[in-house]
Amino acid sequence: MEWSNNRQETIERVVVSAEQMRQIEGRIFSAGMPVEALMEKVAGLLTTRIVATYSLENFPSVGVLVGPGHNGGDALVIARELHLQGYKVSIFCPFSKLKPLTGNHASYARSLGIPFYDRAHPLKNAQFLIDGLFGFGLTRELSGELAAEVEEINSWSQPIASIDLPSGIHTDTGAVLGTAVKATQTFCLGLWKRAFFQDAALSHCGRATLIDFGIPLADIRAILEPVPTIERVTNATMREHLPLPRPPVTHKYKQGHLLLICGSRRYCGGAILTGLGARASGVGMLSIAVPESLKLLLVSHLPEALIVGCPETKTGAIAEFPDVLDDLEQFSAIVCGPGLTLDARSRVREILNVNAPLILDADALNCLAQWGTTSTLAQRQGETILTPHLGEFKRLFPDFNYPLQDAIASAQNAAAQSGAIIVLKGARTAIAHPNGSVKIVPESTPALARGGSGDVLAGLIGGLVAQPTTDIAATVATAAAWHARAGLLAAGERTELGVDAHTLGQFLTPALAEILANFLQS
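Residues numbered from 1 in each chain as written. Predicted model: local features only at pLDDT ≥ 70, side-chain atom pairs only at ≥ 80, totals over all residues. Heavy atoms only, no water.

(A) Spatial organisation of the pairing of strand 5 (residues 128-132). Of all five residues making up strand 5, five are buried, and the element is well covered by its neighbours. Residues Phe-128, Ile-130 and Gly-132 point to one face of strand 5 and Leu-129 and Asp-131 to the other, with burial holding for every one of them. One ladder, built from five bridges, connects strand 2 (residues 61-66) with strand 5; its direction is parallel. Looking at the pairing, Val-62 lines up with Phe-128 of strand 5. Here strand 5 runs beside strand 6 (residues 160-163); their pairing, made up of three bridges, is parallel. Along strand 6, the bridge assignment pairs Ile-130 with Ala-161. In this fold, the crossover linking strand 5 to strand 6 by way of helix 6 (residues 144-154) has right-handed handedness. (Buried < 20%, exposed > 50% of the residue type's maximum accessible area, 1.4 Å probe, protein only. Helix = DSSP H or I, 4+ residues; strand = E, 2+ residues; numbered from the N terminus. Pairing = 2+ DSSP bridges. Right-handed = clockwise from strand over helix to strand, strands pointing away.)

(B) Molecular detail of the environment of Ala-120. With respect to the helices, strands and loops of the structure, Ala-120 is situated in the loop between strand 4 (116-117) and strand 5. Along the chain, Ala-120 and Val-64 lie 56 residues apart, while their C-alpha atoms are 9.5 Å from each other. For Ala-120, the contacting residues outside a window of four places in its chain are Phe-92, Glu-149, Ile-153 and Trp-156. (Contact = heavy atoms within 4.5 Å.)

(C) Expanded view of helix 2 (residues 18-30). If you check helix 2, its first and last C-alpha atoms are 18 Å apart, about what 13 residues at 1.5 Å a residue would give, namely 18 Å. Of the surrounding elements, those touching the buried residues of helix 2 are strand 1 (14-16), strand 7 (185-189), strand 8 (192-193) and helix 8 (217-224). Backbone geometry just downstream of helix 2 places Gly-32 in the positive-phi region, at approximately 120°. (Expected span 1.5 Å × (residues − 1).)

(D) Representation of the pattern of salt bridges within the structure. A complete count under the given rule lists 18 salt bridges for this structure. Salt-bridge contacts for Arg-80 lead to Glu-40; the nearest nitrogen and oxygen are separated by 2.9 Å. Residue Arg-80 is found in helix 4 (residues 70-84), and its partner Glu-40 is found in helix 3 (residues 35-53); the two are separated by 40 residues along the sequence. Residue classification places Glu-40 among the partly exposed positions, given a relative accessible area of 33%. Because the salt bridges share partners, they merge into one network encompassing Glu-9, Arg-13, Glu-231, Glu-240 and Lys-439. (Salt bridge = Lys/Arg side-chain N within 4 Å of Asp/Glu carboxyl O.)

(E) Quick peek at the side chain of Thr-47. Examined against the element boundaries, Thr-47 turns out to sit in helix 3. Looking at Thr-47, its side chain comes within polar contact range of the main-chain oxygen of Ala-43, at 2.7 Å. Once you skip the residues sitting within four places of it in the chain, Thr-47 turns out to touch Ile-78, Glu-81, Leu-82 and Gln-85. (Polar contact = N/O pair within 3.5 Å; in protein donor to acceptor, adjacent residues only side chain to side chain.)

(F) Up close: the sheet that holds strand 19 (residues 438-440). Here we have twelve strands laid out as an open sheet, ordered 8-1-10-19-18-17-16-15-14-11-12-13, and mixed in their pairing. Each edge of the open sheet is held by one strand with a lone partner, namely strand 8 and strand 13 (306-310). The pairing of strand 1 with strand 10 (residues 230-232) spans two bridges and is antiparallel. In the strand pairing of strand 10, Val-15 is matched with Ile-230. In the packing of helix 10 (residues 268-280) onto the sheet, contacts are made with strand 11 (257-261), strand 12 (285-291) and strand 14 (333-336), and the angle to strand 12 comes to roughly 175°. Across the face of the sheet, helix 16 (residues 407-418) comes into contact with strand 10, strand 17 (421-424), strand 18 (430-432) and strand 19 while running at roughly 150° to strand 17. (Axes fitted to C-alpha atoms, helices over the stretch in contact; angles between N-to-C directions.)

(G) Looking closely at the sheet that holds strand 3 (residues 88-92). Ordered by their spatial adjacency, seven strands build an open sheet running 4-3-2-5-6-7-9, and the pairing between neighbours is parallel. Of all the strands in the sheet, just strand 4 and strand 9 (207-211) have a single pairing partner and so form its edges. In this structure, strand 7 lies alongside strand 9, joined through five bridges in parallel fashion. Considered in strand 9, the bridge of Thr-186 is made with Ala-208.

(H) How the structure looks around the packing of aromatic side chains. A complete count under the given rule lists eight aromatic pairs for this structure. Consider the rings of Tyr-54 and Phe-59, whose centres lie 5.2 Å apart with planes at 90°: the pair is edge-to-face. Taking 5.6 Å as the distance between ring centres and 80° as the angle between the ring planes, the aromatic pair formed by Trp-192 and Phe-196 counts as edge-to-face. With respect to burial, Trp-192 and Phe-196 carry one shared label: buried. Joined through ring pairs, the aromatic side chains of Tyr-54, Phe-59, Tyr-87 and Phe-128 make up one cluster. We note Arg-110 situated over the ring of Phe-116; from NZ or CZ to the ring centre the distance is 4.0 Å. In this arrangement the basic side chain of Arg-347 is found over the ring face of Phe-321, its NZ or CZ atom lying 5.6 Å from the centre. (Phe/Tyr/Trp six-rings, centres within 6.5 Å; stacked < 30°, edge-to-face > 60°. Lys NZ or Arg CZ within 6 Å of the ring centre and 35° of its normal.)

Limitation: the analysis is restricted to geometry and does not speak to function.
As structure tokens, then:
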């Protein structure tokens, strides 16, 4: 990560582990910030946000879930403030032992006449709930009576706002520790935690909002600078790595020449969709190698591209490259795989010897898995980008010993082992560099869970990588975030069921305009 002197930009970008957050808070307290003062500040910010979301007029009664630690202390301060503003507050606190500061706030809340219960059931009729049972750093599973109470709470219908993390979610992996609160909304405190970008946690977090309570930039840098950084892809970072503005004097070959090797008689759509993604990238020249029988079809869909018809096998796969593709080093980048079939494996083997950046997707990944990912890629000289979904990832790296639900760690380990940039696709796609850094697409839509959307992404990645860039991993992450933004925009207009891959390609340019407009506004 290139550090900015803009604290707000850094706050929005960085993602921390539980241990890193502990160390950052430790620096703040060691410098003299009283724990009591920070708790009051954080709870005050949360109270303001909660009142704005759940007004007294519409939500006059609230149930507050209080844990034994400082997360419970935050919840108690909020409960106090809501009580003083006229809300009818009830507190569920199933713990007999509380941290001293939390215990003090509990004593004061009782003195105000706020009722406490050791069972959750009396809170069932509250119009909304605040979850302050556990914050970041929880590693033990919720079990026994407490787990049963959480399950009962989850069976109710009122909205739930969780403080920092839904109680029961592992801060780093996003795993559900036995059971976990299913929040409608989560207010993440200070800095984004890894759990918010792990698929396992998403159904529990609801709408996530970052509450900036003023962590000094120097404290963030002191803990994060020596180690590889995990960061969200923001509008600002996307704008940094888009090939804009173009120089006033240029020509098509200076804006990159991309080769797509894709398609077969069986899967002709893969070539078209990959081409649509590449077209939207603005790459200067686009060449597409397909079986000869598909050439006219591709010309009709992508008339601006140079379509190279290749001799084909009896099954309709690319059998060999024609003379026009004798020099594969002429291309700025190559995308290989969508719709290819395993019958074209010899062509995949051939392009592995090319020094240009190589984006491998779909059947190219399946070939790589058969040959052995790490050993095969060890022979490559150029940059390699792999774009697997979870099933392909398991085939590519069958011997890795790590929890697959932790997409961030999985992508990190795979990149380190293979030497490739890994684009691990999911609800929150993670892009890992071999140096250990990870970039995360912070928002997406299940509308992209459609056949062909990955082909569009492969083409878009190839098109951006082929253009002048100084940071390929950041460029790949920009493509992934752009693709997700197009899905969100399309789903907003056509619903989640109306976003087929061809439609997705049509929304890439409007999504780019939105990204640029948001950047200018920010």
